[in-house]
Amino acid sequence: MTTYETMPFHLETERLILRPWTLSDAEEFSALLAERGKEKPPVERIRSAIGELLAATRTTGIALLPVQRRDEGDFIGYCGLITGRSTLEEPEIAYELFRRAHGQGYATEAARAVLGAAAATGRKRLWATVGTWNTPSLRVLEKLGFEQDRVTTEEEAGEVAWLVRPLP
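Nothing here was measured: the structure is a model prediction, and the numbers come from that model.

On to the overall build of the chain. A tally of helices and strands in the chain yields 4 helices and 8 strands. Along the chain, from the amino end to the carboxyl end, the secondary structure elements read β-β-α-α-β-β-β-α-β-α-β-β. Seen along its three principal axes, the alpha-carbon backbone of the chain occupies a region of about 35 × 35 × 30 Å. Out of the 168 residues belonging to the chain, those deemed buried represent 46%. Accessible surface, the chain: about 9,000 Å² in total, of which carbon and sulfur atoms supply 50%. Taking the average place of the 21 positive charges on the side chains of the chain and the average place of its 25 negative ones, the gap between the two points comes to 2 Å.

If you want it as structure tokens, here you go:
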């Protein structure tokens, strides 16, 4: 197995800051997850999930990072690398933003910063998986140079597009 550099855990763009999780993110993270149309997860469960994310980051050297707007300082979602349906050698890029932050280029901007961070680790390729119904997310990935590899069907997620992108 190849050894990779640790991903930078603090990234800044023109409008955004991606940084490590804190337990104080739990309330807003819970509200974001509730936008998926399910019941709002209890904040205590989200605090525990944040602890698990931080532990995984220490173990893997990759991270899913909260995204906040630089000027406003507000939490608008997350973006980063996960193993998800992929591997540590070729992780997935993942992102989710509050609906109020959609349509402003934030997902593309945050994901572009994460692509740079992934390349800095020495990895050669990234994956993304997204429901085929999620046209806005598919557009973000297309802007970032991802190309569809295949479509699978999962019991809970339905049709899932697998996209891949080489890193420089």
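To describe a pair of aromatic rings, you give the distance between the ring centres and the angle between the ring planes. For the structure shown, the criterion picks out 5 aromatic pairs. Relative to Trp162, the ring of Trp127 lies with its centre 6.1 Å away and its plane at 80°, an arrangement referred to as edge-to-face. With a gap of 35 residues between them, Trp127 in strand β6 (residues 125-131) and Trp162 in strand β8 (residues 158-166) connect regions that are remote in the sequence. Each of the two residues, Trp127 as well as Trp162, counts as buried. Here a set of aromatic residues connected by ring pairs shows up, and it is made of Trp21, Phe29, Phe75, Tyr78 and Phe98. The residue whose ring lies beneath Arg123 is Tyr4, and the NZ or CZ to ring-centre distance is 4.3 Å.

For the pair helix α1 (residues 26-34) and helix α2 (residues 43-60), interaxial distance at closest approach is 9 Å and the crossing angle is 100°. On the basis of their axis angle, the class for α1 and α2 is roughly perpendicular. Between α1 and α2, the contacting residues are Ala26, Glu27, Phe29, Ser30 and Leu33 on the first element and Val43, Ile46, Arg47, Ile50 and Leu53 on the second. Across the contact of α1 with α2, the residue classes break down as 7 nonpolar, 1 polar and 2 charged.

The biggest cluster of nonpolar side chains holds 34 residues, and the ones touching the most others in it are Leu18, Cys79, Leu81, Ile93, Leu141 and Phe146. Elements with a minimum of two residues in this core: β2 (16-18), β3 (64-69), β4 (75-82), β5 (92-97), α3 (106-120), β6, α4 (135-143) and β8. Among the elements that make up this core, the one with the highest residue count is α3 (9 residues). For Cys79, the contacting residues outside a window of four places in its chain are Leu18, Ala63, Leu64, Leu65, Val67, Ala94, Tyr95, Ala110, Ala111 and Val114. Counting residues in hydrophobic clusters, the runner-up holds 13 residues, among them Ala26, Leu33, Val43 and Phe98.

As judged from the 7 bridges shared by β6 and β8, these two strands associate in the antiparallel manner. From the neighbouring strand, Trp127 faces β8, where its bridge partner is Val164. Pairing of strand β7 (residues 147-154) with β8, which is carried by 7 bridges, proceeds in the antiparallel orientation. Residue pairing for β8: Arg150 is matched across the bridge by Trp162. Hairpin connection, β7 to β8: the antiparallel pair is bridged by 3 residues.

Considering all chains together, one arrives at 12 salt bridges under this definition. One salt bridge connects Arg36 with Glu96, and the closest N-O pair in it is separated by 2.7 Å. One end of the pair, Arg36, is in the loop between α1 and α2; the other, Glu96, is in strand β5, with 60 residues separating them in the sequence. Ionic pairing is found between Arg69 and Asp74, a salt bridge with its closest N-O pair at 2.8 Å. Residue Arg69 is classed as buried on the basis of its relative accessible area of 17%. Exposure remark for Asp74: the relative accessible area of 17% places this residue in the buried category. The structure contains a network of salt bridges with shared partners spanning Arg69, Glu72, Asp74 and Arg100.

Each value, and the rule that gives it
Residues numbered from 1 in each chain as written. Predicted model: local features only at pLDDT ≥ 70, side-chain atom pairs only at ≥ 80, totals over all residues. Heavy atoms only, no water. Helix = DSSP H or I, 4+ residues; strand = E, 2+ residues; numbered from the N terminus. Buried < 20%, exposed > 50% of the residue type's maximum accessible area, 1.4 Å probe, protein only. Areas by Shrake-Rupley, 256 points an atom, 1.4 Å probe, with all protein chains shown as cover. Lys, Arg positive; Asp, Glu negative; His and termini not counted. Charge placed at Lys NZ, Arg CZ, Asp CG, Glu CD. Phe/Tyr/Trp six-rings, centres within 6.5 Å; stacked < 30°, edge-to-face > 60°. Lys NZ or Arg CZ within 6 Å of the ring centre and 35° of its normal. Axes fitted to C-alpha atoms, helices over the stretch in contact; angles between N-to-C directions. Parallel < 35°, antiparallel > 145°, perpendicular 65-115°, else oblique. Contact = heavy atoms within 4.5 Å. Nonpolar A, V, L, I, M, F, W, Y, C, P; charged D, E, K, R; others polar. Core = buried A, V, L, I, M, F, W, Y, C linked by side-chain atoms within 4.5 Å. Pairing = 2+ DSSP bridges. Salt bridge = Lys/Arg side-chain N within 4 Å of Asp/Glu carboxyl O.

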